[in-house]
Amino acid sequence: MNLQSLIVCRSLHDEEIFTGAADDFETAAKLVERAERLGLNGNLYRAYLIYLLAHEPNLISTSIEQRGGIIGESLREIFIHDVEILLPILRGEVTNNFATVNNYKPTVANSDEAFNELIKRLEKFTTATEIADAFIEHYRQFGYGDIATYRAFRWDSAAKKIVGIRHFETIRLDDLIGYVHQKELLTGNTTAFVDGKPANNVLLVGARGTGKSSGVKALVNEYYAQGLRLVQITKPQLKTLPDLMETLRQFMSKRFIIFIDDLSFEESEAEFKHLKSAIEGGVESRPENVLIYATSNRRHLIRETWRDRQDTQEELYRDDSTNETISLSDRFGLIIHYYAPTQAEYLEIIRSMLKRRGVELDAETLRLEGLRWEMSHSGRNGRTAQQFVNHYLGQR
């Protein structure tokens, strides 16, 4: 194939698999290696080309990200031109003399939801225009590369890039038992955010083990197909928040939750000022595709002692000091409170968890065993309930 005529997909020039520079068996070896590493199946020429177009950046995918899903008509026409050149591969017409390569079954199939959805979508189309538009829609919905592959990321502040989390929790909102009102507030705010409507930064505060962190993680699994991603950042990295936000500006067709778990500060720690500035008040505005969600066991985030309230403290204007300590939590537009469950709610959590695993206990046994576990562990909360269920199922 003459790949020299490609314009926006010129990176394919270097792929010997498509240029015919290698013989059939050498090409087969390369394709099989990639199929096993990436979980590709079917016609490996076709599968590998689709994988490259979905994951490697090109002018189409990067333009869509940077411009919030918009692409010019001329750029679209050029992309159709490139797809026309690649059409024999994308239709599965290019085959190898080593027949297994033409209908390959990998040891472990690719589990990337976005990529597998693209493969299925492309099976419906045969013309260059249809296939090009299918890729464009894929870039708009899922992005490209790691942004399409991963739901959650961690912030590498040294390299100034986000790194995909391969083994992210698969928890969904339906898995979280109780706290109906809290989930409604959380989903209402997040739905508005992914729909491009005004939404607030969120502080989830309250008793430990009540599902605050799990609720945020579940949101990403619920709204992944609508373009929501999560980026976790640690407290020491807060001073690099401007760098992170500048990085996320490159992906304007996606929505990002910057997640800070178990957040609290000592009065001597300066990181809270970086967070205050990032949320509201900095010279550079927060990108419209970014919100900050934080969890904490403290309502006011910054630890304050009775000594801080004494008239003998060195601070001349005590009210100014008090305002400083509470101003951070005030900048979260939505504060959701999580309270420790009642005894009845705690037992219902256990009952529901066991029922989902096909186990039902009579009410008296459940009460006795559940309360005995609570008294010998860290109190009454969802985490304790989950630990009891794990123990009970493990001993059966």
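Presented here is an overview of the structure given in this document. (Residues numbered from 1 in each chain as written. Predicted model: local features only at pLDDT ≥ 70, side-chain atom pairs only at ≥ 80, totals over all residues. Heavy atoms only, no water.)

### Focus: the environment of Phe-193
Note on placement: Phe-193 falls in helix α9 (residues 180–194). Sequence separation of Phe-193 and Glu-288 is 95 residues, and the distance between their C-alpha atoms is 9.2 Å. In this structure Phe-193 touches Ala-199, Leu-228, Arg-255, Phe-256, Glu-288, Asn-289, Val-290 and Leu-291, once residues within four positions along its chain are discounted. (Helix = DSSP H or I, 4+ residues; strand = E, 2+ residues; numbered from the N terminus. Contact = heavy atoms within 4.5 Å.)

### Topic: the layout of surface pockets
Here the largest pocket defines a volume of roughly 980 Å³. Along its surface, the largest pocket is lined by 39 residues, and Asp-112, Asp-146, Thr-149, Tyr-150 and Arg-166 are the ones closest to its centre. At the level of secondary structure, the elements contributing two or more residues to the lining of the largest pocket comprise α2 (24–38), α3 (44–55), α4 (59–66), α6 (113–122), α8 (146–149) and β2 (161–164). Class assignment for the residues of the lining of the largest pocket results in 14 nonpolar, 13 polar and 12 charged. Of the voids in this model, the second largest pocket is the one considered here, and its volume is about 760 Å³. Lining the second largest pocket are 31 residues, with Leu-176, Gly-209, Gly-211, Ser-214 and Arg-383 positioned closest to its centre. Contributions of two or more residues to the lining of the second largest pocket are made by α9, α10 (212–223), β6 (290–296), α14 (343–356) and α16 (382–395). For the lining of the second largest pocket, the class distribution of residues is nine nonpolar, 12 polar and 10 charged. (1 Å grid on protein atoms, 1.4 Å probe; cavity = no way out; pocket = protein on both sides within 12 Å on 5 of 7 lines; lining within 4 Å. Points joined across faces, edges and corners; volume = space filled by probe spheres on them. Nonpolar A, V, L, I, M, F, W, Y, C, P; charged D, E, K, R; others polar.)

### Brief notes about the environment of Val-83
Mapped onto the secondary structure, Val-83 falls in helix α5 (residues 73–90). Expressed as a C-alpha distance, the spacing of Val-83 and Phe-135, which sit 52 residues apart in the sequence, is 10.0 Å.

### Section: empty space enclosed by the protein
The tally for this structure, following the rule as stated, stands at two cavities of 30 Å³ or more. Taken as a whole, the largest cavity spans an internal volume of roughly 50 Å³. For the lining of the largest cavity, a count of residues per class yields six nonpolar, two polar and one charged.

### Points about the side chain of Asn-289
When you line up the elements, Asn-289 lands in the loop between α12 (271–279) and β6. With sequence-adjacent residues up to four places away left out, Asn-289 is seen in contact with Phe-193, Leu-248, Phe-251, Met-252, Lys-254, Arg-255 and Phe-256.

### A word on the pattern of salt bridges
Applying the stated criterion to the full structure yields 16 salt bridges. Ionic pairing is found between Arg-76 and Asp-133, a salt bridge with its closest N-O pair at 2.9 Å. Remark: Asp-133 occurs in helix α7 (residues 128–142) and Arg-76 occurs in helix α5; sequence separation between them is 57 residues. The salt bridge involving Glu-222 is made with Arg-172; its shortest N-O contact spans 3.2 Å. A residue pair is termed long-range when its members are at least 10 positions apart, and Glu-222 in helix α10 and Arg-172 in the loop between β2 and α9 qualify at 50 residues. The exposure class of Glu-222 is partly exposed, given its relative accessible area of 28%. Each of Glu-33, Arg-34 and Arg-37 takes part in salt bridges that share partners, so that together they form one network. (Salt bridge = Lys/Arg side-chain N within 4 Å of Asp/Glu carboxyl O. Buried < 20%, exposed > 50% of the residue type's maximum accessible area, 1.4 Å probe, protein only.)

### Quick look at the packing of α14 against helix α15 (residues 363–375)
Contact pair α14 / α15: the axes reach a minimum separation of 10 Å and the direction vectors enclose 105 degrees. One finds that α14 runs roughly perpendicular with respect to α15. Contacts between α14 and α15 involve Gln-343, Tyr-346, Leu-347, Ile-350 and Arg-351 from the first element and Leu-366, Arg-367, Gly-370, Leu-371, Trp-373 and Glu-374 from the second. Taken together, the residues of the contact of α14 with α15 break down into six nonpolar, two polar and three charged. (Axes fitted to C-alpha atoms, helices over the stretch in contact; angles between N-to-C directions. Parallel < 35°, antiparallel > 145°, perpendicular 65-115°, else oblique.)

### As for the sheet that holds strand β5 (residues 255–260)
Strand order in the open sheet made by the seven strands is β2-β1-β4-β5-β6-β3-β7, with mixed pairing throughout. Edge strands, defined here as strands with exactly one partner in the open sheet, are β2 and β7 (334–338). Here the average twist between neighbouring strands, direction ignored, is 25 degrees. Note: β5 against β6, five bridges, orientation parallel. Following the sheet pairing, Ile-258 is matched in β6 by Ile-292. Contacts from α10 reach β3 (202–206), β4 (228–232), β5, β6 and β7, with the element oriented near 145 degrees to β4. (Pairing = 2+ DSSP bridges.)

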